[in-house]
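Residue-level structure breakdown
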Amino acid sequence: MILELRDICKDYMRGKMVVPVLKDIDLTVSEGEYIAIMGPSGSGKTTLMNLIGCLDRPTSGTRILRGEDLAGMDDNRMADLRNREIGFVFQNAELLPGLSAVENVALPLVYRGIKKTQRREMAKAMLERVGLGDRLEFKPNQLSGGQCQRVAIARAMVGSPSLLLADEPTGALDTQSGQQVMELFRQLNEEGVTIIMITHAPEVACCAKKTYLIRDGQIQIGGQR
Amino acid sequence: MLENISLSIQGIWNHKLRSLLTMLGIIIGIASIIAIVSTIKGTNEQIKEQLIGAGNNVVTVQLSQSGYPYEMQYNGIPEGVPVLTEEDRIHLAGLEGAQEAALYTERTYVDGLVYAGDIGFSGALRGVDQHYFDVNGYQIYLGRDFTQQDYDRYQKVAILDQNTAESLFAGQNPLGQVLEIDTEPFTVIGVVSLSSSYEPNISNYEEYATFVGFDSGSVYIPSNLWPLVCQYDEPQKVDIQAVTTDDMTSVGKESADYINAKLSVKEDSDLSYSSSDIMERAEQLQQLANATNQQLIWIASISLLVGGIGVMNIMLVTVTERTREIGLKKALGARKGRILWQFLTEAAVLTSLGGVIGVLAGIGMAQIVSRVAGSPTAISGPAILVAVLFSMLIGILFGLMPAVKASNLDPINALRRE
Ligand SMILES: Nc1ncnc2c1ncn2[C@@H]1O[C@H](COP(=O)(O)OP(=O)(O)O)[C@@H](O)[C@H]1O
Ligand SMILES: [Mg+2]
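Rules behind the numbers
- Residues numbered from 1 in each chain as written.
- Chains lettered and ligands numbered in written order.
- Predicted model: local features only at pLDDT ≥ 70, side-chain atom pairs only at ≥ 80, totals over all residues.
- Heavy atoms only, no water.
- Helix = DSSP H or I, 4+ residues; strand = E, 2+ residues; numbered from the N terminus.
- Buried < 20%, exposed > 50% of the residue type's maximum accessible area, 1.4 Å probe, protein only.
- Contact = heavy atoms within 4.5 Å.
- Areas by Shrake-Rupley, 256 points an atom, 1.4 Å probe, with all protein chains shown as cover.
- Near = heavy atom within 4 Å.
- Polar contact = N/O pair within 3.5 Å; in protein donor to acceptor, adjacent residues only side chain to side chain.
- Nonpolar A, V, L, I, M, F, W, Y, C, P; charged D, E, K, R; others polar.
- Salt bridge = Lys/Arg side-chain N within 4 Å of Asp/Glu carboxyl O.
- 1 Å grid on protein atoms, 1.4 Å probe; cavity = no way out; pocket = protein on both sides within 12 Å on 5 of 7 lines; lining within 4 Å.
- Points joined across faces, edges and corners; volume = space filled by probe spheres on them.
- Arc of directions from axis to C-beta.
- Phe/Tyr/Trp six-rings, centres within 6.5 Å; stacked < 30°, edge-to-face > 60°.
- Lys NZ or Arg CZ within 6 Å of the ring centre and 35° of its normal.
- Pairing = 2+ DSSP bridges.
- Axes fitted to C-alpha atoms, helices over the stretch in contact; angles between N-to-C directions.
- Buried area = accessible area lost by both parts, 1.4 Å probe.

1. Overview of the overall build of chain A
Within chain A, the regular secondary structure consists of seven helices and 10 strands. For chain A, the proportion of its 225 residues judged to be buried stands at 56%. When contacts within chain A are restricted to residue pairs at least 6 apart in sequence, long-range pairs at least 24 apart make up 68% of them. A total accessible area of about 10100 Å² is found for chain A, and carbon and sulfur atoms account for 48% of it.

Here it is in structure tokens:
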């Protein structure tokens, strides 16, 4: 078991009103799984991903990541945990415009205290893995949207995290680059990477082995292959 | 850390114009301070040089009463003032920062005591030891110096300075001429002149008088013949040559202390040895010049403060602009402290760079001022170091608030897209 969520609730304050976004979410993810979380816009998918990715704290409920209870962890330990266990892929690749592709990919390793030359080696290997071995020194503005997203995936994977979290990774891409990215996720999963993907596009979700649906703050199983 | 610095420099380079404008306040502040400090230092050194003349660094230690020199032509022999011996002289010459010392007795102005034929001499009469000319930068211009034999055999010989030789024996060879000092005949054996390295180039200060006093001329005789023309046991004066100009004050004080310890004067006599030190006068003049310049430094500091606020402002803008970068870095596992350091380093590098540019500009300004206004400048190493460190401090101080703000950014909000 990599991840276990029990009775997770998340409320937001809107002015003086308490707005519950997630209500009693239960979810377990085991090693090597590839799941998609679907739901309409504003249903709380990103909120859930932030909770899984240790970026946010729930209003109530229990989160267990790799056997560790996340309740009561301080900010620094959460940061370290994100660095070690979680790989994020955002809708817009979120690359730093001043850094080259390798430097972007190597960024998480900086926070792990790995030496510069070794960081570069690891980043280079990862970029080769996503098919961008010939674009190492390119700046983000010299790369296409699909290439940027592949650099972002390389960055998410470079530290060998337990969990790859993708929030609408194809949302900003054209169909063809979207398919390339999906193919990359499929390959990574075949190699044993655990993936949680958030999307509202059914054709994207069908690549996953298991689908969940969020509606009215609750999660239900959508389909299984 | 080093990586942070190089990244900061890169960032500064990427926004050249903005960085320059941000640094401007710091640059102007530091430049003015460096220019002012250089001018102060230059003026100080000029005052020192003008007053003291290059080279000799002589301090005179003499007996004084109630703060005024104790002059023998108006006073009797004071009680309890011991005769200084060769041992004392050697001790004084061996003080730290001292190089040589000379003992002598002196009447700064004699009238009707010394005659060359019918011509009376009015000027200074000194009974000197064998070190006096050396210490005071005189060299034999004509004839010879006093020898040990002259002292041993109580030879009635005299040495004149150039002015005296001119005024007493105009056109004649002064050597071999006879002076009558208190009716005793003294043979002139030599003429001294100031060596070229000791030309006090004062022209505009009252201290000039101290030196011009020599102009009325001096007659020198061996110190052990002094009782023959004046009295036994007159209080001696000591001229001590310091190694450097800066040693003069301390050497003067120590010598006075040494001699004072030997005094056994009555308590109410108010007699003591003290150094009539040109350095002290010079320092007073320097302080006068510094006081006005120090006010300028305060004004320049305001520019630094404004510069610091400018840095804070730009850093706040930068933090806002780079919200996504900060959010992303935190999401990837950067701890708070790392973000804080990153922005602090950036601010400090920015202002330090401003400081360095300011120092260079300040040196340039000082150079221009000295060309245009003719005032001297001297670059001060410590001032440069302090200026750069201080501008770094400004960066850290005014960068702190923006950096804390950056480190406290919530990555969720930072990455949420509008
Ligand atoms: N920080 C926040 N403060 C207040 N409301 C929020 C905040 N974040 C998200 N919400 C609200 O929570 C709901 C779910 O948002 P989100 O998780 O981003 O949805 P999704 O990713 O499924 O589109 C939305 O109605 C949104 O307005
Ligand atoms: Mg979303």
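2. Some words on the overall build of chain B
Of the regular secondary structure elements, chain B holds 14 helices and 11 strands. Burial statistics for chain B: of 418 residues in total, 47% are counted as buried. A separation of at least 24 residues holds for 81% of the contacts in chain B among residues at least 6 apart in sequence. Summed over its atoms, the accessible surface of chain B is roughly 20400 Å², and 57% of this surface lies on carbon and sulfur atoms.

3. Some details on the site of ligand 1
With respect to spatial proximity, 13 residues lie near ligand 1, and among them Gly42(A), Lys45(A), Thr46(A), Thr47(A) and Arg416(B) are the closest. Those residues lying near ligand 1 are distributed over chains A and B. Contact between ligand 1 and Thr47(A): an oxygen atom at 2.6 Å from a side-chain N or O atom of the residue. For ligand 1, the accessible surface in isolation is 560 Å², of which the surrounding protein chains cover 72%. For the shell around ligand 1, the element with the most residues is helix H1 (residues 45-52) of chain A, which contributes three residues. The residue inventory of the shell around ligand 1, partitioned by class, reads three nonpolar, seven polar and three charged.

4. Focus: the pattern of salt bridges
Under the defined criterion, the tally for this structure stands at 28 salt bridges over all chains. Among the salt bridges present, the one from Arg126(B) reaches Glu106(B), with a minimum N-O distance of 2.6 Å. Of this pair, Arg126(B) sits in strand S4 (residues 119-128) while Glu106(B) is found in strand S3 (residues 98-116), placing the two residues 20 residues apart along the sequence. On the basis of relative accessible area, Arg126(B) is assigned to the buried category, the value being 6%. In this structure, a network of salt bridges that share partners links the residues Glu31(A), Arg66(A), Arg84(A) and Glu85(A).

5. Concerning empty space enclosed by the protein
In total, this model carries two cavities of 30 Å³ or more according to the counting rule given. Estimated volume of the largest cavity: approximately 90 Å³. Around the largest cavity sit 15 residues that line it, and Arg82(A), Asn83(A), Ile86(A), Pro108(A) and Ala156(A) are the ones nearest its centre. Here the lining of the largest cavity is built from residues that sort into eight nonpolar, three polar and four charged. Each pocket or cavity is described by its volume, and for the second largest cavity that value is around 70 Å³. Forming the walls of the second largest cavity are Gln62(B), Leu63(B), Tyr70(B), Glu71(B), Met72(B), Glu106(B), Pro235(B), Gln236(B), Lys237(B) and Tyr273(B). Tallied by class, residues from the lining of the second largest cavity come to five nonpolar, two polar and three charged.

6. Brief notes about helix H3 (residues 86-93) of chain B
For H3(B), the set of buried residues is Asp88(B), Arg89(B), Leu92(B) and Ala93(B). Here the buried residues of H3(B) occupy an arc of 135° about the axis, which is enough to place them on one side.

7. A look at the packing of aromatic side chains
Residue and element names in this part refer to chain B. Scanning the model with the defined rule gives nine aromatic pairs over all chains in all. Considering the side-chain rings of Tyr132 and Tyr220, the 5.7 Å spacing of their centres and the 45° angle between planes classify their relative orientation as tilted. Of the two residues, Tyr132 is situated in helix H4 (residues 132-135) and Tyr220 in strand S9 (residues 218-222); the sequence distance between them amounts to 88 residues. Judged by relative accessible area, which is 0%, Tyr220 ranks as buried. An aromatic cluster of three or more residues is present, and its members are Tyr104, Tyr132, Phe133, Tyr138, Phe146, Tyr151 and Tyr220. Across the ring face of Trp13, the terminal group of Lys16 is positioned such that the distance to the ring centre comes to 4.5 Å.

8. Details of the sheet that holds strand S5 (residues 68-69) of chain A
Residues and elements named next belong to chain A. Read from one edge to the other, the open sheet built from four strands follows the order S2-S1-S4-S5, with strand pairing classed as antiparallel. Edge positions in the sheet fall to strand S2 (17-29) and S5, since each of these pairs with one other strand and no more. With nine bridges connecting them, strand S1 (residues 3-14) and S2 associate as antiparallel partners. Each residue of the ladder has a partner; that of Ile8, found in S2, is Ile25. Strand contacts of H1: S1, S2 and strand S4 (60-65), with the helix running at about 125° to S1, the strand carrying the most contacts.

9. A word on the interface of chain A and chain B
Across the contact, 23 residues belong to chain A and 19 residues belong to chain B. Here chain A packs against chain B, burying approximately 2000 Å² in sum over the two surfaces, 55% of which is carbon and sulfur. When residues of chain A are sorted by the area they lose upon contact with chain B, Leu55(A), Glu94(A) and Tyr111(A) head the list and together hold 29% of the total. At the junction of chain A and chain B, the tally comes to two salt bridges. Notably, a salt bridge pairs Arg324(B) with Glu94(A), separated by 2.5 Å at the nearest N-O pair. Inspection of the region where chain A meets chain B yields five residue pairs in polar contact (both at pLDDT 80 or more). Secondary structure elements with two or more residues in the side of chain A that touches chain B: helix H2 (75-85) and helix H3 (101-110) of chain A. For the side of chain A that touches chain B, the element with the most residues is H2(A), which contributes six residues. Across the side of chain A that touches chain B, the residue classes tally to 10 nonpolar, six polar and seven charged.

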